[in-house]
Amino acid sequence: MDVLINVFVALHIIGIASLLGGFLTQMKAMGAGTARFVPAMLHGALTMLVTGVALVGLNQADDQTVNNLKVGIKLAILVAILAIVYVKRDEETVDKGLFGAVGGLTTANIFIATLWV
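Residues numbered from 1 in each chain as written. Predicted model: local features only at pLDDT ≥ 70, side-chain atom pairs only at ≥ 80, totals over all residues. Heavy atoms only, no water.

## What to know about the packing of aromatic side chains
Put simply, the test is: Pairing of aromatic side chains here covers Phe, Tyr and the six-membered ring of Trp, requires ring centres within 6.5 Å, and sorts the geometry by plane angle: under 30 degrees stacked, over 60 edge-to-face, intermediate tilted. Secondary structure is summarised from DSSP: a helix means a run of H or I of at least four residues, a strand means a run of E of at least two, and numbering begins at the N terminus for each. Partly exposed describes any residue whose relative accessible area lies between the buried limit of under 20% and the exposed limit of over 50%, with all areas from a 1.4 Å probe on protein chains only and scaled to the type maximum.
Applying the stated rule across the entire model yields two aromatic pairs. With centroids separated by 5.1 Å and ring planes inclined at 20°, the aromatic side chains of Phe23 and Phe99 adopt a geometry described as stacked. Remark: Phe99 occurs in helix H5 (residues 96–115) and Phe23 occurs in helix H1 (residues 2–25); sequence separation between them is 76 residues. Here the two residues Phe23 and Phe99 agree in accessibility, since each one is buried. With relative accessibility at 0%, the residue Phe99 sits in the buried group. Three or more aromatic residues joined by ring pairs make a cluster, and in this case those are Phe23, Phe37 and Phe99.

## A word on the packing of H1 against H5
Condition: All axes are obtained by fitting lines to C-alpha atoms, using only the stretch in contact for helices, and the reported angles, taken between N-to-C directions, cover 0 to 180 degrees. Here is the rule for handedness: rotate from the far helix to the near one, and if that takes an anticlockwise turn smaller than a right angle the crossing is left-handed, while a clockwise turn gives right-handed. In this analysis, two residues are considered to be in contact whenever any of their non-hydrogen atoms come within 4.5 Å of each other. Three classes are used: nonpolar for Ala, Val, Leu, Ile, Met, Phe, Trp, Tyr, Cys and Pro, charged for Asp, Glu, Lys and Arg, and polar for all others, with Gly counted as polar.
As a packed pair, H1 and H5 sit with axes 10 Å apart at the nearest point and diverge in direction by 145°. As for how H1 packs across H5, the hand of that crossing is left-handed. Between H1, through Ile16, Leu19, Leu20 and Phe23, and H5, the contact on the second element is made entirely by Phe99, Gly100, Gly103, Thr106, Thr107 and Ile110. The residue makeup of the contact of H1 with H5, split by class, is six nonpolar, four polar and no charged.

## Brief notes about H1
Which entries qualify depends on this criterion: By this rule, a helix spans an expected 1.5 Å times one less than how many residues it contains.
With 24 residues, H1 ought to run about 34 Å at 1.5 Å a step, and its terminal C-alpha atoms sit 34 Å apart, in line with that. Within the sequence span of H1, burial applies to Ile5, His12, Gly15, Ile16, Leu19, Gly22 and Phe23. Next to the buried residues of H1 lie helix H2 (27–32), helix H3 (39–61), helix H4 (68–88) and H5.

Below is the structure:
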C-alpha cells in the first residue's frame with residue numbers, strides 16, 4: 001500500500017508543478033496584461049483533484065489518520081482554482097487580478113500542504 005500511496009503523491013506533485021509552472025510561465029505576460037490560462041494549468045489542477053481524492057481514500061484504507069479540516073480547506077481552494085481556470089480557459093487574455101488570484105491560491109495550497117502538520 002505504501003508504494004501505491006507514494007505513486008499518487010508523486011502524481012499529485014506533478015499536478016501542482018504543472019499548475020504552478022503554467023502560472024510562472026505567464027508572469028511576464030501578466031505584467032504586459034496579456035496573460036492567459038494555459039492548458040497545463042487546467043490539467044494540473046484536475047490531476048491534483050483526482051490524485052488528492054485518491055490519496056485520502058488510500059490513506060483511510062491503510063488506517064492512517066487524515067486531517068479532514070486540512071483536506072477540506074485544500075479541496076475548497078482547489079475547487080476555486082479549477083472554477084476560475086475552467087471558466088476563463090478559452091479567453092485570449094485574463095484580468096491581472098484574477099490571474100494573480102490563481103497564483104496566490106496555488107501558493108497558499110502548497111503552504112497548507114507542507115506547513116500544516
